[in-house]
Amino acid sequence: MSTVSMCSSWCCVCACFRDILRSQSGLAEHHENYHEFCRLLGRLKTNYQLSELVSVDNYNEWIQLVAQLTINSLNSWQWAKDSVYYLLGLWSRLVSSMPYLKGDSPSLLEANVPKITQAYITSRLESVRSVLQQNDGLDEMLDAEEQLSESLESLPYLVRFQYDKSSQFVLGLMEPLIQHYKQATTLTALDEPAKQQLSILEGQLAWMVSIVGSVIRGRLSSSSSSAESQESIDGELSGRILGLL
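Residues numbered from 1 in each chain as written. Predicted model: local features only at pLDDT ≥ 70, side-chain atom pairs only at ≥ 80, totals over all residues. Heavy atoms only, no water.

(A) Spatial organisation of the overall build of the protein. Helix and strand content of the protein: 13 helices and zero strands. Each helix (α) and strand (β) of the protein, taken in turn from the N terminus, gives the series α-α-α-α-α-α-α-α-α-α-α-α-α. Once local pairs closer than 6 in sequence are excluded, the contacts in the protein between residues at least 24 apart make up 82%. About 12800 Å² of surface is accessible on the protein, with carbon and sulfur atoms providing 50% of the total. (Helix = DSSP H or I, 4+ residues; strand = E, 2+ residues; numbered from the N terminus. Contact = heavy atoms within 4.5 Å. Areas by Shrake-Rupley, 256 points an atom, 1.4 Å probe, with all protein chains shown as cover.)

Right, here's the structure in full:
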């Protein structure tokens with residue numbers, strides 16, 4: 001297929017996705033449609049290069065709408081937990097293509113990826129409170145090993161995309177959790193509300209350990225000057241985790 005044909009094809013695809021995302025027609029009320037739509041979005045980067053995606057007129061609105069869909073899906077983890085995998089996969093492939101992006105067209109990833117990273121982390125922490133407080137029989141995501149592994153698969157690419165900013169966000173969440181946990185474990189007698197709060201803290205810290213572990217394991221090989229600073233951040237995050245032991 002010629003370059004012109006590819007661009008024309010992507011323009012049509014982008015416009016179709018944009019219109020569906022604008023209207024939300026057939027998505028919110030039909031879970032299967034929603035899931036298949038997310039799967040289709042996840043396939044886009046396989047068929048089109050980032051340079052092709054950013055070159056069309058509708059790209060800016062499209063990427064903003066996809067970012068909002070992703071954030072909404074993360075926050076609606078009970079309903080969209082099976083669909084998030086495909087959305088995060090799309091963002092990880094977009095981020096991985098950034099070093100090869102040429103031209104002046106902005107990708108807008110710098111503005112959107114940190115928001116998605118933050119939504120992922122905060123929604124996982126809130127899931128613990130929801131499961132323990134509602135006691136409604138929802139499966140705890142940390143107990144579903146396969147789903148957890150899939151969920152964390154794309155995270156290192158997103159967190160490391162703007163590692164300084166993302167790591168400060170992670171540390172900002174971890175510090176009070178660690179402090180409150182240490183305070184709670186020094187108490188000799190706990191009433192029921194205190195026990196429940198301790199369980200929430202333990203679940204949230206378990207999530208933070210899993211998240212930090214996936215980021216450290218997913219360390220991207222690099223010969224660039226940023227490699228040394230990333231190693232320093234790796235050490236800082238690892239130190240917080242080891243301090244819990």
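(B) Quick peek at the packing of helix H7 (residues 84-96) against helix H8 (residues 109-134). Where H7 contacts H8, the axes come no closer than 12 Å and their chain directions differ by 140 degrees. With respect to H8, the element H7 is oriented oblique. At the point where H7 passes H8, the crossing takes the left-handed sense. Across the interface between the two elements, Leu 88, Trp 91, Leu 94 and Val 95 of H7 pack against Leu 109, Asn 112, Val 113, Ile 116 and Tyr 120 of H8. (Axes fitted to C-alpha atoms, helices over the stretch in contact; angles between N-to-C directions. Parallel < 35°, antiparallel > 145°, perpendicular 65-115°, else oblique. Left-handed = near helix turned anticlockwise from the far one by under 90°.)

(C) Up close: the side chain of Ser 107. Note that Ser 107 resides in the loop between H7 and H8. According to the relative accessible area criterion, Ser 107 is buried, its value standing at 3%. Beyond its immediate sequence surroundings of up to four residues, Ser 107 is in contact with Val 54, Tyr 59, Ile 63, Met 98 and Leu 101. (Buried < 20%, exposed > 50% of the residue type's maximum accessible area, 1.4 Å probe, protein only.)

(D) Summary view of the packing of aromatic side chains. Summed over the entire model, instances satisfying the criterion amount to four aromatic pairs. Aromatic side chains Tyr 34 and Trp 79 sit 4.8 Å apart centroid to centroid with 65 degrees between the ring planes, which places their arrangement in the edge-to-face category. In this pair, Tyr 34 sits in helix H2 (residues 31-42) while Trp 79 sits in helix H6 (residues 77-80), placing the two residues 45 residues apart along the sequence. Over the ring of Tyr 120 we find Arg 124; its NZ or CZ atom is 4.8 Å from the centre of that ring. (Phe/Tyr/Trp six-rings, centres within 6.5 Å; stacked < 30°, edge-to-face > 60°. Lys NZ or Arg CZ within 6 Å of the ring centre and 35° of its normal.)

(E) Up close: the packing of helix H5 (residues 59-75) against H8. Contact geometry for H5 and H8: axes closest at 8 Å, N-to-C directions at 10 degrees. By the angle between their axes, H5 is roughly parallel relative to H8. Residues Tyr 59, Ile 63, Gln 64, Ala 67, Thr 70, Ile 71, Leu 74 and Asn 75 of H5 lie in contact with H8, whose contacting residues are Leu 109, Asn 112, Lys 115, Ile 116, Ala 119, Tyr 120, Ser 123 and Arg 124. Its residues placed into classes, the contact of H5 with H8 shows nine nonpolar, five polar and two charged. (Nonpolar A, V, L, I, M, F, W, Y, C, P; charged D, E, K, R; others polar.)

(F) Region of interest: the pattern of salt bridges. According to the stated counting rule, one finds seven salt bridges in the structure shown. One salt bridge connects Asp 234 with Arg 160, and the closest N-O pair in it is separated by 2.8 Å. Of this pair, Asp 234 sits in helix H13 (residues 226-242) while Arg 160 sits in helix H10 (residues 155-161), and the two are 74 residues apart along the sequence. Relative accessible area serves as the criterion here: at 8%, Asp 234 is assigned to the buried category. Between Arg 240 and Glu 175 there is a salt bridge, and its shortest N-O distance comes to 2.4 Å. Of this pair, Arg 240 sits in helix H13 while Glu 175 sits in helix H11 (residues 163-185); the two residues are 65 residues apart in sequence, bridging distant segments of the chain. (Salt bridge = Lys/Arg side-chain N within 4 Å of Asp/Glu carboxyl O.)

(G) Here's a closer look at the side chain of Gln 230. Looking at the element boundaries, Gln 230 is found in helix H13. Given the relative accessible area of 16%, Gln 230 is considered buried. A distance of 2.8 Å separates a polar atom in the side chain of Gln 230 from a polar atom in the side chain of Arg 160. With residues up to four places along the chain from it excluded, the contact list for Gln 230 reads Arg 160 and Tyr 163. (Polar contact = N/O pair within 3.5 Å; in protein donor to acceptor, adjacent residues only side chain to side chain.)

(H) Looking closely at a negative patch on the surface. Residues Asp 82, Glu 146, Glu 150 and Glu 153 make up a contiguous surface patch of negative charge. Along the chain, Glu 153 falls in helix H9 (residues 145-153). On the basis of relative accessible area, Glu 153 is assigned to the partly exposed category, the value being 46%. (Patch = residues over 30% accessible without salt bridge, like charges linked within 9 Å, V, L, I, M, F, W, Y side chains within 5 Å. Lys, Arg positive; Asp, Glu negative; His and termini not counted. Charge placed at Lys NZ, Arg CZ, Asp CG, Glu CD.)

(I) Here's a closer look at the environment of Thr 122. Locating Thr 122 in the fold gives a position in helix H8. Thr 122 gets classed as partly exposed once you look at its relative accessible area, which sits at 30%. Taking the C-alpha atoms as reference points, Thr 122 and Gln 204, separated by 82 residues in sequence, lie 9.7 Å from one another. Excluding anything up to four places from it in sequence, Thr 122 contacts Phe 169 and Leu 173.

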